[in-house]
Amino acid sequence: MKYSGIGGQAVIEGVMMKNGEECAVAVRKTDGEIALRKERHKSIRDRYKIARVPVIRGVAAFAESLGTGMRMLNYSASFFEEEETAGDAGRTEDKGKSESLLMGLVMAAAIIIAIGIFVIAPFLVSEALRKVLRSPQLRGLLEGVIRVALFVVYVKLISRMEDIRRVFMYHGAEHKSINCIENGCELTVENVRSQTTRHKRCGTSFLLVVMFISILFFMFIVVRNMWLRMALRILLIPVIAGVSYEFIRYAGSHDNVFSNILSRPGLWLQGLTTAEPDDRMIEVAIASVEAVFDWKPFVAEVNGQENREAELESAPAEEPAADESGIEILAVDDTEEDDEILNALDRYFEAPK
């Protein structure tokens, strides 16, 4: 599998794809038509050198992907809102501003709720068991286990909702389309359908890595004051996200035993956040990919590299012959040199003594 650099996200009845500065979202409207929106966005990492420093670049990428994802999610949702009345036509600009403000408030509320459920709640449970578990390392480990368990239960519960289930199906279509081109296959519905719904660069894997990295951080960062410990758990979230990004970045661009083993838990968890899409969903994902990525030369390059590797592997190796005793007999193919040696020997023995 060859790294393409494409990233994506499932939205309401659609798929968003991002490649470099280009971003596109394709949405299946209620009339069956695929609506496509494309835009260019210069990353903060391209504007500021400090944003390209390892770990810091992860924080910047996480913030940017969160903002872009919410914007595209809001765009996809706009197709399924109730039709505007004639009296609302003159208030389009004000409505757009109010929607942007509402989106910001929803994002802020979601972040606060997530911190409360997945950061503060496990911490308070571990603190309540302080007299039972005196070791801060054990309490940190317990806190991490509770955090992972809460996340898994949360994902499992929301996956029962029909709307969320369809988003997870589009999530599967997103992964399948990226896997298709990275495996050197033409981007068709048939080829995409045969791909796996798992991918090592998935945001689900990123969240799980964040939780595992947080266990390591909080097991070994020990302070006496409870309020300071709580504050550190919140303040270190960007740092943990940055470290986790570096791991996902490495795992997504390398295919070796080390990265595959460490990526396995995240791939398992994707069994909850992805589902097999139908062909109409795959068509939406393909439209989104083609809007930001010229896949044909990429696929040709992947296949060319694989063919060269196959030729090298299938080429017969020239091995020296061996007699029955197992002694190596080196084959020398130099007839001119042999003739000169034989002629010299003949002259020696035939010469008068």
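If you're wondering where the values come from, they're calculated on a predicted model, not measured in any experiment.

Parameters and conventions
- Residues numbered from 1 in each chain as written.
- Predicted model: local features only at pLDDT ≥ 70, side-chain atom pairs only at ≥ 80, totals over all residues.
- Heavy atoms only, no water.
- Helix = DSSP H or I, 4+ residues; strand = E, 2+ residues; numbered from the N terminus.
- Contact = heavy atoms within 4.5 Å.
- Pairing = 2+ DSSP bridges.
- Axes fitted to C-alpha atoms, helices over the stretch in contact; angles between N-to-C directions.
- Expected span 1.5 Å × (residues − 1).
- Buried < 20%, exposed > 50% of the residue type's maximum accessible area, 1.4 Å probe, protein only.
- Patch = residues over 30% accessible without salt bridge, like charges linked within 9 Å, V, L, I, M, F, W, Y side chains within 5 Å.
- Areas by Shrake-Rupley, 256 points an atom, 1.4 Å probe, with all protein chains shown as cover.
- Salt bridge = Lys/Arg side-chain N within 4 Å of Asp/Glu carboxyl O.
- 1 Å grid on protein atoms, 1.4 Å probe; cavity = no way out; pocket = protein on both sides within 12 Å on 5 of 7 lines; lining within 4 Å.
- Points joined across faces, edges and corners; volume = space filled by probe spheres on them.
- Nonpolar A, V, L, I, M, F, W, Y, C, P; charged D, E, K, R; others polar.
- Parallel < 35°, antiparallel > 145°, perpendicular 65-115°, else oblique.
- Core = buried A, V, L, I, M, F, W, Y, C linked by side-chain atoms within 4.5 Å.
- Phe/Tyr/Trp six-rings, centres within 6.5 Å; stacked < 30°, edge-to-face > 60°.

(A) Structural view of the environment of alanine 251. Here alanine 251 lies in helix 9 (residues 237–253). Remark: the alpha-carbon pair of alanine 251 and isoleucine 261, spanning ten residues in sequence, is separated by 9.7 Å. Filtering out sequence-adjacent residues up to four positions away, alanine 251 remains in contact with Lys200, Ser259 and Ser263.

(B) Inspection of the sheet that holds strand 4 (residues 34–40) at higher detail. Pairing is antiparallel in the open sheet, where four strands are placed in the order 1-2-3-4. In this open sheet, the two strands that pair with only one neighbour each are strand 1 (7–11) and strand 4. Between one strand axis and the next, the sheet turns by 15 degrees as a mean value, whatever way the strands run. In this structure, strand 3 (residues 22–28) lies alongside strand 4, joined through seven bridges in antiparallel fashion. Within strand 4, the residue paired with cysteine 23 across the bridge is glutamate 39. Along the sheet face, helix 2 (residues 56–77) touches strand 1, strand 2 (14–19), strand 3 and strand 4 and points at about 30 degrees away from the line of strand 3. Of the strands in this sheet, strand 1, strand 2 and strand 3 touch helix 5 (residues 162–182), which is tilted by about 155 degrees from strand 1.

(C) Quick look at helix 7 (residues 203–220). Its 18 residues give helix 7 an end-to-end C-alpha distance of 26 Å, which sits within 8% of 26 Å, the value for a rise of 1.5 Å per residue. Residues of helix 7 that are buried: Thr204, Ser205, Phe206, Leu208, Val209, Met211, Ile213, Ser214, Ile215, Phe218 and Met219. Contacts made by the buried residues of helix 7 are with helix 2, helix 4 (136–158), helix 5, helix 8 (226–235), helix 9 and helix 10 (257–273).

(D) Fine view of the pairing of strand 3. Where burial is concerned, most of strand 3 is hidden: six out of the seven residues are buried. In the sheet, strand 2 pairs with strand 3 via six bridges, with the strands oriented antiparallel. Bridge pairing links methionine 17 to alanine 24 in strand 3. Where strand 2 folds back onto strand 3 in an antiparallel hairpin, the turn is made up of two residues, including glycine 20, whose phi is positive at roughly 65 degrees. Between strand 3 and the antiparallel strand that follows it, strand 4, lie five residues; glycine 32 among them carries a positive phi value of about 95 degrees.

(E) Quick peek at the side chain of glutamate 127. Within the secondary structure, glutamate 127 is located in helix 3 (residues 92–128). Given a relative accessible area of 14%, glutamate 127 falls into the buried group. Setting aside chain neighbours within four positions, we find glutamate 127 in contact with Arg139, Met226 and Arg229.

(F) View of a nonpolar patch on the surface. A surface patch of nonpolar side chains, amounting to about 500 Å² of accessible area, comprises Tyr250, Val257, Phe258, Ile261 and Leu262. Relative to the assigned elements, phenylalanine 258 resides in helix 10.

(G) Just the layout of surface pockets, in detail. One number sums up the size of the second largest pocket: a volume of about 310 Å³. For the second largest pocket, the lining is made up of 18 residues, of which Met1, Lys200, His254, Asp255 and Asn260 are closest to its centre. Going through the elements one at a time, helix 5, helix 9 and helix 10 are the ones with two or more residues in the lining of the second largest pocket. Counting residues per element, the lining of the second largest pocket draws most heavily on helix 10, at four residues. Of the residues in the lining of the second largest pocket, the class split is three nonpolar, eight polar and seven charged.

(H) Structural view of the pattern of salt bridges. Applying the stated criterion across every chain yields a total of 16 salt bridges. Two residues, glutamate 39 and arginine 37, come together in a salt bridge whose shortest N-O distance is 3.5 Å. Because the salt bridges share partners, they merge into one network encompassing Glu21, Glu22, Lys38 and Arg40.

(I) Summary view of the packing of helix 2 against helix 9. Relative to each other, helix 2 and helix 9 sit at 95 degrees, their axes nearing to 7 Å. In terms of orientation, helix 2 and helix 9 fall into the roughly perpendicular class. Across the interface between the two elements, Arg57, Gly58, Val59 and Ala61 from helix 2 touch Pro238, Gly242, Tyr245, Glu246 and Arg249 from helix 9.

(J) Up close: helix 2. Here helix 2 spans 32 Å end to end across 22 residues, near enough to the 32 Å set by a 1.5 Å rise per residue. Buried within helix 2 we find Arg57, Gly58, Ala60, Ala61, Glu64, Thr68, Gly69, Met70, Met72, Tyr75 and Ser76.

(K) Summary view of the nonpolar core. Ranked by size, the top nonpolar core spans 29 residues in total, and within it Ile6, Met17, Ile181, Leu187, Val289 and Phe293 carry the most contacts. Counting only elements with at least two residues in this core, the list comes to strand 2, strand 3, helix 5, helix 6 (189–193), helix 11 (279–292) and helix 12 (295–314). Top element by residues in this core is helix 11. It accounts for eight residues. In this structure isoleucine 6 touches Met17, Lys18, Ile178, Ile181, Arg201, Val289 and Phe293, once residues within four positions along its chain are discounted. One finds Ala61, Val209, Phe218 and Ala241 within the second-largest nonpolar core, a separate group that totals twelve residues.

(L) Inspection of the packing of aromatic side chains at higher detail. Within this structure, the stated rule accounts for six aromatic pairs. Note on tyrosine 250 and phenylalanine 258: the rings are 6.3 Å apart at their centroids and 65 degrees apart in plane angle, and the pair reads as edge-to-face. For tyrosine 250, a relative accessible area of 30% gives the class partly exposed. Take phenylalanine 258: its relative accessible area is 52%, and that puts it in the exposed class.

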